[in-house]
Amino acid sequence: MRMDQKVNVVNRQELLEVVYGATSQIPAQVQASTERLKALLGNVGTYDALHEIAAEKSLPLQVRQQSIIQFKNSALSHWRSRKLLSDEYRTSIRMRCMTFLYEEDDLIAECNQLIVAKIARSDYPHNWSSLFTSLLSVIENGLQLLYTSSSATMSSTLALRRALKVLHSVLKEMSSMKMMTGIKTMGDITDKLRDVLFEYYSRLSASQLSPILSPLNPTALSQENTACNIVVAHLVYKCLVKLAIWAWPRVTRRRGDELQGLQDWFMQLFQGSTAQLKVLSEQRISFMLALRSSPSADPVTPVTVDKLTRHVRVFGKFFRRLQQLEPARFVELPTCNDMVLYYWDKVVQATNGSPDMIKDSPDAIFPVRFLVQAMVLFKENLARWTPFRKGGPVTETSIDSFWDDPTLADEPSLALSQQFVEDAVRLLVTRFIPLNPTDLESWMSDPEEWVNEEDKENDQWEYELRPCGERVLMTLASQYRDYVVPLMTTTFKDIICRSRSATDLQSVVEKEAVYCAIGRCASRLQDVIPFTEWLRHYLAPEAKESNPKCVRLLWIIHRVN
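Parameters at a glance
- Residues numbered from 1 in each chain as written.
- Predicted model: local features only at pLDDT ≥ 70, side-chain atom pairs only at ≥ 80, totals over all residues.
- Heavy atoms only, no water.
- Helix = DSSP H or I, 4+ residues; strand = E, 2+ residues; numbered from the N terminus.
- Buried < 20%, exposed > 50% of the residue type's maximum accessible area, 1.4 Å probe, protein only.
- Areas by Shrake-Rupley, 256 points an atom, 1.4 Å probe, with all protein chains shown as cover.
- Expected span 1.5 Å × (residues − 1).
- Axes fitted to C-alpha atoms, helices over the stretch in contact; angles between N-to-C directions.
- Parallel < 35°, antiparallel > 145°, perpendicular 65-115°, else oblique.
- Left-handed = near helix turned anticlockwise from the far one by under 90°.
- Contact = heavy atoms within 4.5 Å.
- Nonpolar A, V, L, I, M, F, W, Y, C, P; charged D, E, K, R; others polar.
- Salt bridge = Lys/Arg side-chain N within 4 Å of Asp/Glu carboxyl O.
- pLDDT = per-residue confidence, 0-100.
- Polar contact = N/O pair within 3.5 Å; in protein donor to acceptor, adjacent residues only side chain to side chain.

Attention now moves to the overall build of the chain. In terms of helices and strands, the chain carries 25 helices and four strands. Within the chain, the proportion of its 561 residues that are buried is 53%. In the structure as shown, the chain presents an accessible area of about 26,200 Å², 50% of it carried by carbon and sulfur atoms.

This paragraph deals with helix H20 (residues 465–479). Because an α-helix packs 3.6 residues into every turn, residues spaced three or four apart end up facing the same way. The end-to-end C-alpha distance of H20, which contains 15 residues, comes to 21 Å, matching closely the 21 Å that a straight helix rising 1.5 Å per residue would cover. With 12 of 15 residues buried, H20 lies mostly within the body of the structure.

Look at helix H14 (residues 336–352) against helix H17 (residues 418–432): their axes get within 11 Å of each other, and the N-to-C directions meet at 50 degrees. Classed by the angle they form, the pair H14 and H17 counts as oblique. Crossing of H14 over H17 shows left-handed handedness. Contact residues: H14 offers Leu-341, Trp-344, Val-347, Val-348, Ala-350, Thr-351 and Asn-352, while H17 offers Phe-420, Ala-424, Leu-427, Leu-428, Arg-431 and Phe-432. Split into classes, the residues belonging to the contact of H14 with H17 amount to 10 nonpolar, two polar and one charged.

A word on the pattern of salt bridges. Scanning all chains against the criterion turns up 27 salt bridges. In this structure, the salt-bridge partner of Arg-12 is Glu-52, at a minimum N-O distance of 3.2 Å. One end of the pair, Arg-12, is in helix H1 (residues 12–22); the other, Glu-52, is in helix H3 (residues 46–55), with 40 residues separating them in the sequence. The exposure class assigned to Arg-12 is partly exposed, which follows from its relative accessible area of 34%. We note a salt bridge from Arg-64 to Glu-103, for which the minimum N-O separation is 2.3 Å. Here Arg-64, found in helix H4 (residues 61–74), pairs with Glu-103, found in the loop between helix H5 (87–99) and helix H6 (106–123); they are 39 residues apart in sequence, far enough to count as distant. The same class applies to Arg-64 and to Glu-103, which are both buried.

Our focus in this paragraph is the confidence of the model for the chain. Here the chain averages 88 in pLDDT, and 87% of its residues register 70 or above. Contacts for the low-pLDDT stretch residues 391–404, under 50 throughout, to residues beyond four places or in other chains number 36 contacts.

Here we take up unusual backbone geometry. With omega at 5 degrees, the peptide bond leading from Tyr-124 into Pro-125 counts as cis. Along the chain, Pro-125 turns up in the loop between H6 and helix H7 (131–147).

The next thing to look at is the packing of H1 against helix H2 (residues 27–40). Axis separation between H1 and H2 bottoms out at 7 Å; the angle between their running directions is 140 degrees. Taken together, the axis directions place H1 and H2 in an arrangement best described as oblique. Crossing geometry of H1 relative to H2 is assigned as left-handed. Residues Glu-14, Leu-15, Val-18, Gly-21 and Ala-22 of H1 pack against Gln-29, Val-30, Ser-33, Arg-36, Leu-37 and Leu-40 of H2. When grouped by side-chain class, the residues that make up the contact of H1 with H2 number six nonpolar, three polar and two charged.

Right, let's talk about H6 for a bit. With 18 residues, H6 should cover 26 Å at 1.5 Å per step; its first-to-last C-alpha distance of 25 Å lies within 8% of that length. Where H6 is concerned, the buried positions are Ile-108, Ala-109, Cys-111, Asn-112, Gln-113, Ile-115, Val-116, Ala-117, Ile-119, Ala-120 and Asp-123. Contacts from the buried residues of H6 go to H4, H5, H7 and helix H8 (158–174). One side-chain oxygen of the residue at the start of H6 lies 3.3 Å from the amide nitrogen of Leu-107, identifying that residue as Asp-105.

What follows concerns the side chain of Gln-283. With respect to the helices and strands, the residue Gln-283 is situated in helix H11 (residues 260–293). Residue classification places Gln-283 among the buried residues on the basis of a relative accessible area of 13%. Each residue touching Gln-283, except ones within four places of it in the same chain, is listed here: Leu-213 and Ser-214.

Quick look at the structure:
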């Protein structure tokens, strides 16, 4: 910088007044303050002053929130600017970020998570070597208090939860780096944290979650201590998952003894996760059934149930991401097939209960999101179990065989039995593919638009039960054609024998589900079902009826032609 060049240093008092004005209820004052703030952002020290204002708890909350939002939106893109930020300013900001771990306001804390992650990407390890040491110090102190207390509260675990969320954000940011220096840095971070975090979760599970959740005592859900322990365990596990997902493609491609330690750690985590999923899922189902019999009016119980449901669901997210990244290697993981079949067993169990056991709600016995996870994992693993592909397994087994001897589930030579496949098809066509009340309302109000949306190929099937069920059926028809095609042919013959005069809503819904199933599997059925004759003698006459189902019939006609 030239000696005669004028340097504008921010006036902290003026900046504070401008931020006050930006939070005003008077539009003209807000506009003027916003324009002035834009000008001040070009001054030296503005970003440090904004960060300092956000940390000052004696100031009004709105002023502090506005300050950290402005810092987040502007400072990060200028973090390396020598004109606006000196090394001293950057050092002060990094140190101040750690004070926000004790921040009570969620918005400010969430902004701090993103800020720390972005700065860490730029400065770690050379300019912020103490980052993980500082975070782990807060985490370990918080965990020690949690281990020794039976009355933890959201307030007493505040810093612990904030530190874990910041750690997760940092790991998420660092794991996204693609350059070799970034990959090496993330590898060093993984080596530094993997055993530490694994020990954290193992101890939390053994000494905190298990004693609380193992006895079927629904009153435990009404205690804030239970909710706190679940939340902390959930946050620790999310950090573990972030490391594991980064490590997964690398351990699958390793050569020789390279990364042997990382692979051993990953295998231990994966197998531990499949076991933990079953334990927590069964505990949660038992609690939900108990609460169904004796509902609780305590305000803490819904919060605890929501946290437990989220924690169970994070296991499915972990497994699904591994499956997406390396599908061929995923099915070869020890306990993988057993885990996927456990998920499918929950789908079967859900359909054997009353319909109100399945809801898109955290307090449902079988939440929709959990069942969708189960079906997606099952669908993507089906190719592993087909006896009909080249080089595929030649020995059949049934679902009962897996439960009697779980070791069978990881035998590469096994395939699903014909009975299992046929039961799965019937379950999908009778319970998941039929329209639900919401679908019916949309169908009745605008049948043509509804079918147009149905026929779009997108990723929505991974989030909704009925579209997901359709895709599972299509995969079964593809991988187990010799089992599914005869069953669908029999179903087809049965449906055309039914009288067209049966026009009550339930009959229409049942027929629509079969039509949908046949349409989805049309390419597999064209050699055994006389679609042309069906079209001429059955579909065409039905399509003339004044009934919303005629739109689905037009869709069927399009699919089979």
